Structures are given as structure tokens and as C-alpha cells.
Amino acid sequence: DTAVSQTPKYLVTQMGNDKSIKCEQNLGHDTMYWYKQDSKKFLKIMFSYNNKELIINETVPNRFSPKSPDKAHLNLHINSLELGDSAVYFCASSRVQGNTEAFFGQGTRLTVV
Amino acid sequence: QKEVEQDPGPLSVPEGAIVSLNCTYSNSAFQYFMWYRQYSRKGPELLMYTYSSGNKEDGRFTAQVDKSSKYISLFIRDSQPSDSATYLCAMFTGGGNKLTFGTGTQLKVEL
């Protein structure tokens with residue numbers, strides 16, 4: 001069983017569209033994250049949720065809206081997609097807030113054309 | 001200037017070589033230091049973590065932290081082709097849970 005799973009794995013869409021990426025973890029962790037990895041492999045945190053509560057919101061455009069219906073799920077909705085949004089988006093989880101080990105999903109490769 | 005700097009490589013070594021991967025950082029508040037390994041088209045996975053200064057060894061891998069120089073290293077002994085991956089250093093202050101990553105070093109171990 002995959003510990004942190006995200007869907008879809010690949011997403012190709014046109015500029016201006018709205019899309020969602022889903023993430024689920026079956027580890028019983030309290031904290032979940034969204035990271036963006038650009039073409040140069042730089043991994044940067046976007047959001048962090050602890051027990052469904054938003055605790056980190058980095059400088060991310062308002063077009064990105066995370067939603068956590070329960071502590072096992074953290075979805076990412078993106079409105080009005082732009083070319084610059086093309087990247088790999090990783091969901092991750094950790095046992096508690098501040099825990100040193102984060103478990104990452106396989107990533108969603110988003111391409112905006 | 002990024003908080004964490006890492007040479008992106010690529011670094012190509014023959015099988016059996018000792019590999020040294022390094023990161024420098026600017027934020028003296030960082031206390032927890034990690035190395036993640038990322039295979040192509042996969043998510044990063046934690047390899048090792050160290051708290052504060054010192055060395056930590058795990059099999060063929062040794063992590064070193066020198067807080068006075070703001071410099072961390074990962075050594076891989078007897079490198080194998082299966083070690084070919086991108087290695088990302090990461091660190092955080094401990095007060096919150098925001099991990100700051102380096103850009104990653106791409107390593108290729110050749111037969």
C-alpha cells in the first residue's frame with residue numbers, strides 16, 4: 001500500500017483552466033504539506049496543514065487553494081492556470097508538526113500549454 | 001541568495017568511489033539537518049538526519065554537520081550504481097516545521 005498517494009500522476013492542461021490534485025496518506029500522520037519542484041529540482045514548500053488547520057502559507061498566488069477535508073487528505077486546487085505553474089507538485093506528510101521525517105508522494109507532473 | 005546552497009552537479013563517479021556531497025547555509029538558527037534521496041520520477045525519501053553539529057553513520061553513508069562553518073556533508077563509501085539519484089539537503093530551525101531544501105546534486109555512479 002502506498003503511504004502517500006496523489007492523483008493524477010501526470011496532468012497536461014491549457015492556460016486558463018482550473019485543475020485539482022488530490023492527496024491521501026494512510027500513515028495516520030497529523031501534518032500534511034504541498035511542495036512545488038521546479039525544472040531545476042528546487043523544492044519549495046507551499047502549504048502545511050496540521051489536523052486540517054492551515055499553519056504554513058508561503059508566498060503563493062491566491063489562485064492556489066488547498067483544502068483538507070480530514071487529516072488524511074490534502075487537496076490542491078489551482079484556478080486560471082498559467083505557463084509558470086508547470087512543475088512537479090509533491091504532497092508529503094509527517095507524524096506531527098515539526099517532525100524531522102516527511103514522507104513524500106510520487107509527485108504530479110503538471111504541464112500547462 | 002538562497003538560504004541553502006548546493007552544487008547541482010551532475011557528479012559522475014566510478015563504482016566503488018567515495019562520494020562527497022555538500023551544502024552551505026546562511027541561517028544560523030537551523031538545528032536539524034537532513035539528506036533526502038530522490039530517484040528519477042519519484043518523490044524524495046529521507047536518507048539521514050542529524051541534530052546540531054557532529055557526525056552520524058549509517059552503513060555506507062556518513063552525514064557531517066559543522067555549524068560553525070554552516071556546512072554539511074554527506075559521504076557515500078563504496079558507491080554503487082543504485083546510488084545514482086539526486087541528493088537534496090534540507091534543514092529547519094526546529095521551532096516550526098518548514099523544511100528548507102537545497103537545489104539537489106545529481107549523482108551518477110557508473111560501472
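Higher on the page you've got the structure.
Conventions and cut-offs
Residues numbered from 1 in each chain as written. Chains lettered and ligands numbered in written order. Predicted model: local features only at pLDDT ≥ 70, side-chain atom pairs only at ≥ 80, totals over all residues. Heavy atoms only, no water. Pairing = 2+ DSSP bridges. Helix = DSSP H or I, 4+ residues; strand = E, 2+ residues; numbered from the N terminus. Axes fitted to C-alpha atoms, helices over the stretch in contact; angles between N-to-C directions. Phe/Tyr/Trp six-rings, centres within 6.5 Å; stacked < 30°, edge-to-face > 60°. Buried < 20%, exposed > 50% of the residue type's maximum accessible area, 1.4 Å probe, protein only. Contact = heavy atoms within 4.5 Å. Salt bridge = Lys/Arg side-chain N within 4 Å of Asp/Glu carboxyl O. Polar contact = N/O pair within 3.5 Å; in protein donor to acceptor, adjacent residues only side chain to side chain. Nonpolar A, V, L, I, M, F, W, Y, C, P; charged D, E, K, R; others polar.

Let us look at the sheet that holds strand β1 (residues 4-6) of chain B. Residue and element names in this part refer to chain B. Ordered in space as β1-β3-β8-β7-β6, the five strands form an open sheet in which the pairing is antiparallel. Across the chains shown, the open sheet's two edge strands, defined by having one partner strand only, are β1 and β6 (54-58). On average, each strand axis in the sheet is tilted by 15° relative to the strand beside it, whichever way the strands run. Bridging between β1 and strand β3 (residues 19-25) involves three bridges; their strand directions are antiparallel. In the sheet register, Gln6 faces β3, and the bridge partner there is Cys23.

All names here are of chain A. Enumeration over the complete set of coordinates arrives at 12 aromatic pairs over all chains. Consider the rings of Phe90 and Phe104, whose centres lie 6.3 Å apart with planes at 80°: the pair is edge-to-face. Here the residue Phe90 occupies a position in strand β9 (residues 87-94), and Phe104 occupies one in strand β10 (residues 103-104), the gap between them amounting to 14 residues. Owing to a relative accessible area of 1%, Phe90 belongs among the buried residues under this scheme.

The subject of this paragraph is the interface of chain B and chain A. Taken together, the 21 residues of chain B in the interface contact 24 residues of chain A. Counting across the chain B and chain A interface gives zero salt bridges. Our count for the chain B to chain A interface comes out at two residue pairs in polar contact (both at pLDDT 80 or more). Elements with a contribution of two residues or more to the side of chain B that touches chain A: β4 (32-38), β5 (45-51) and β9 (85-92) of chain B. Tallying contributions element by element places β4(B) first for the side of chain B that touches chain A, with four residues. For the side of chain B that touches chain A, the residue count by class is 10 nonpolar, seven polar and four charged.

Everything listed is a geometric property; what it means functionally is a separate question.
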